[in-house]
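Take a look at the letters that make up each chain.
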Amino acid sequence: MRTTRSASSLQARRSLGQNFLVDTDILDRMESEVQQALTWSPQEQAAVLEIGPGMGALTERVLKVSSVVAVEKDPRAVAYLKEHLAIGDTTSSVGTSLTLHEADVLQCKPDELLPEAPKHLCVGNLPYNISSDFLIWFCNHKDAFTGGVFLLQKEVVERIASPVGTKAYGRITALVSLHFDVFPLFDVPPQAFRPIPKVMSSFAALRPKRFSFANETLRKTFEKTTAALFSQRRKMLRKSLQHLFKVMNIPYAENESAVEQLLQKHGVSLTDRSESLSPQGFLDLAEMFHNMSQTKTKGRGHL
Ligand code: SAM
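Residues numbered from 1 in each chain as written. Predicted model: local features only at pLDDT ≥ 70, side-chain atom pairs only at ≥ 80, totals over all residues. Heavy atoms only, no water.

**Examining the site of the ligand**
Put simply, the rule reads: Near residues are defined by distance, with any heavy atom within 4 Å of the molecule or strand qualifying the residue. We define a polar contact as two N or O atoms separated by no more than 3.5 Å, with the added condition that, inside protein, one atom must be a possible hydrogen donor and the other a possible acceptor, whereas residues neighbouring each other in sequence contribute only through side-chain atom pairs. Only the protein chains shown count as cover for residues, with accessible areas throughout obtained via the Shrake-Rupley method and a probe of 1.4 Å. Each helix corresponds to a stretch of at least 4 residues labelled H or I by DSSP, and each strand to a stretch of at least 2 residues labelled E; elements are numbered beginning at the N terminus. Residues are grouped as follows: Ala, Val, Leu, Ile, Met, Phe, Trp, Tyr, Cys and Pro are nonpolar; Asp, Glu, Lys and Arg are charged; all remaining types, including Gly, are polar.
Lining the immediate environment of the ligand, one finds 21 residues, of which L21, G52, E72, D104 and N125 sit closest. Contact distances for the ligand include 2.8 Å between a nitrogen atom and a backbone N or O atom of G52. In the complex, the protein chains occlude 98% of the 590 Å² of accessible area that the ligand would expose alone. Elements with a contribution of two residues or more to the shell around the ligand: β1 (20–21) and β3 (68–72). Each residue belonging to the shell around the ligand can be placed in one class, and the counts come to 10 nonpolar, six polar and five charged.

**Description of the nonpolar core**
To keep things clear, this is the line we draw: Buried Ala, Val, Leu, Ile, Met, Phe, Trp, Tyr and Cys residues that are joined via side-chain atoms within 4.5 Å together make up what is termed a nonpolar core. For every residue, the accessible area (1.4 Å probe, protein chains only) is compared with the maximum for its type, and the residue is labelled buried under 20%, exposed over 50%, or partly exposed between those bounds. Marked domain ranges trace back to an automatic or database domain assignment.
Core analysis: the biggest nonpolar cluster contains 62 residues, and L49, F134 and L241 have the highest contact counts within it. Among the domains, domain 1 (14–208) and domain 2 (216–301) are the pair contributing at least three residues each to this core.

**Remarks on the side chain of N255**
Filter applied, for reference: Here, residues are in contact when the closest pair of their heavy atoms is within 4.5 Å.
Inspection of the secondary structure assignment puts N255 in the loop between α9 (237–247) and α10 (256–265). Once you skip the residues sitting within four places of it in the chain, N255 turns out to touch F245, I250 and M292.

**Let's talk about the packing of helix α5 (residues 131–140) against helix α7 (residues 171–179)**
Our working definition: Structural elements are reduced to axes, namely lines fitted to C-alpha atoms, with helices fitted over the stretch in contact, and the angle between N-to-C directions of any two is expressed from 0 to 180 degrees. Each angle gets one of four labels, with under 35 degrees taken as roughly parallel, over 145 as roughly antiparallel, 65 to 115 as roughly perpendicular, and the rest as oblique. Take the far helix as the reference: if the near one is turned anticlockwise from it by less than a right angle, the crossing is left-handed, and if turned clockwise, right-handed.
Between α5 and α7, the least distance of the axes is 10 Å, while the angle of their chain directions is 30°. When the interaxial angle is binned, α5 and α7 end up roughly parallel. Note on packing geometry: the crossing formed by α5 with α7 is left-handed. Between α5 and α7, the residues in contact are S132, L135, I136 and C139 and I172, L175, V176 and H179, respectively. In the contact of α5 with α7, the residues fall into six nonpolar, two polar and no charged.

**Some words on the domain arrangement of the protein chain**
To be explicit about the condition: In short, buried area is how much 1.4 Å probe accessible area vanishes from two parts on joining, totalled over both. When a carboxyl oxygen of Asp or Glu is within 4 Å of a side-chain nitrogen of Lys or Arg, the pair counts as a salt bridge.
As far as domains go, the protein chain holds domain 1 (14–208) and domain 2 (216–301). Once you take the C-alpha centre of each, domain 1 and domain 2 turn out to be 34 Å apart. In this assembly, 12 residues from domain 1 lie in contact with 16 residues from domain 2. Broken down residue by residue, the surface that domain 1 buries against domain 2 is led by Y169, R171 and L178, which jointly contribute 50%. Our count for the domain 1 to domain 2 interface comes out at zero salt bridges. Along the contact surface separating domain 1 from domain 2 lie four residue pairs in polar contact (both at pLDDT 80 or more).

**Focus: the environment of E102**
Along the chain, E102 falls in strand β4 (residues 98–102). Taking the C-alpha atoms as reference, E102 lies 42 Å from S276; in sequence the two are 174 residues apart.

**Comments concerning the packing of aromatic side chains**
The way to describe two aromatic rings as a pair is by their centre distance and the angle between their planes. Condition: Any two of the Phe, Tyr and Trp rings considered here, Trp counted by its six-membered ring, make a pair once their centres fall within 6.5 Å; the pair's planes then place it as stacked at under 30 degrees, edge-to-face at over 60, or tilted in between. Charge-over-ring contacts are defined here by two conditions on Lys NZ or Arg CZ: a distance within 6 Å of the ring centre and an angle within 35 degrees of the ring normal.
Counted by the stated rule, this structure contains 14 aromatic pairs. On the basis of an interplanar angle of 50° and a centroid distance of 5.5 Å, the ring pair of F186 and F203 is categorised as tilted. In this pair, F186 sits in strand β7 (residues 180–188) while F203 sits in strand β9 (residues 201–208), placing the two residues 17 residues apart along the sequence. Of the two residues examined, F186 and F203, each falls in the buried class. Look at F245 and Y252: their rings are 5.2 Å apart centre to centre, the planes differ by 80°, and that puts the pair in the edge-to-face class. This pair shows no difference in class: F245 is buried, exactly as Y252 is. Chaining the aromatic ring pairs together yields one cluster made of F134, W137, F138, F145, F150 and F180. Its end group placed over the ring of F186, R29 keeps NZ or CZ at 4.0 Å from the ring centre.

Shown next as structure tokens:
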């Protein structure tokens, strides 16, 4: 294994999910995948947003092919990067530059980090402790991006790429697969990082679909629906739906046949479990709840 020079320069913090990439062969492969992803939508491509540049192992590679805007939570890493990388250097042969933001990506909106023009590619060796929250963030801000290429825990990649009906299919799968096509690219062994993590990682590409929630209330209802139904994944849908109707304060009995019809449309019955329902099925359910709540509110004269 060929390794980078910076492996021991920053004391890694577990709380920030810091496992720094040191394997240059893996970095070579990541660089070429990022280059490939930059061709997905060349007319829209403005810059790469890198999440968590750390000591810049991946940043240096991406800077060879694109301008980079990086967001890093650790002030020590920001100081390290300012010292070691040419921030704002627009004189390189490909005209690239690096802009650094010291911030928690989950607290930011893309338009606070990136130039306005058009869309950007998002990349990162993601801190594993925020991977689910980050994927939700990425779905919510999908319209700012031409796509994403991320190094994640292998288990997370398997989860977001898993088909309906499998054990790995869950809440995050339903959300991500409404927004993106997921392409697992290659696995990365623990030895490629310092410190060495306990788990395997996988590099994966996410290409956007033409989907957005019609409005924020529907997005929240979808979240509520998948959270409730997957928290009871061993129960039959009838039981978990009865519970969800109760939480939403909507009578179940008078709506059961409408629910049954909706499920039937997706080849699912009330005696199946949540993992049998496709992402589109969850969306239809959420839309049904959304409409029922609207009617209920109108009926009470709140609108
Ligand atoms: N890109 C570097 C590499 O490949 O060696 C570092 C990757 S390390 C797995 C994750 C990086 O994300 C760390 O530098 C960490 O400080 C940073 N980080 C952790 N949480 C973050 C957050 N919420 N927002 C932005 N950066 C974060």
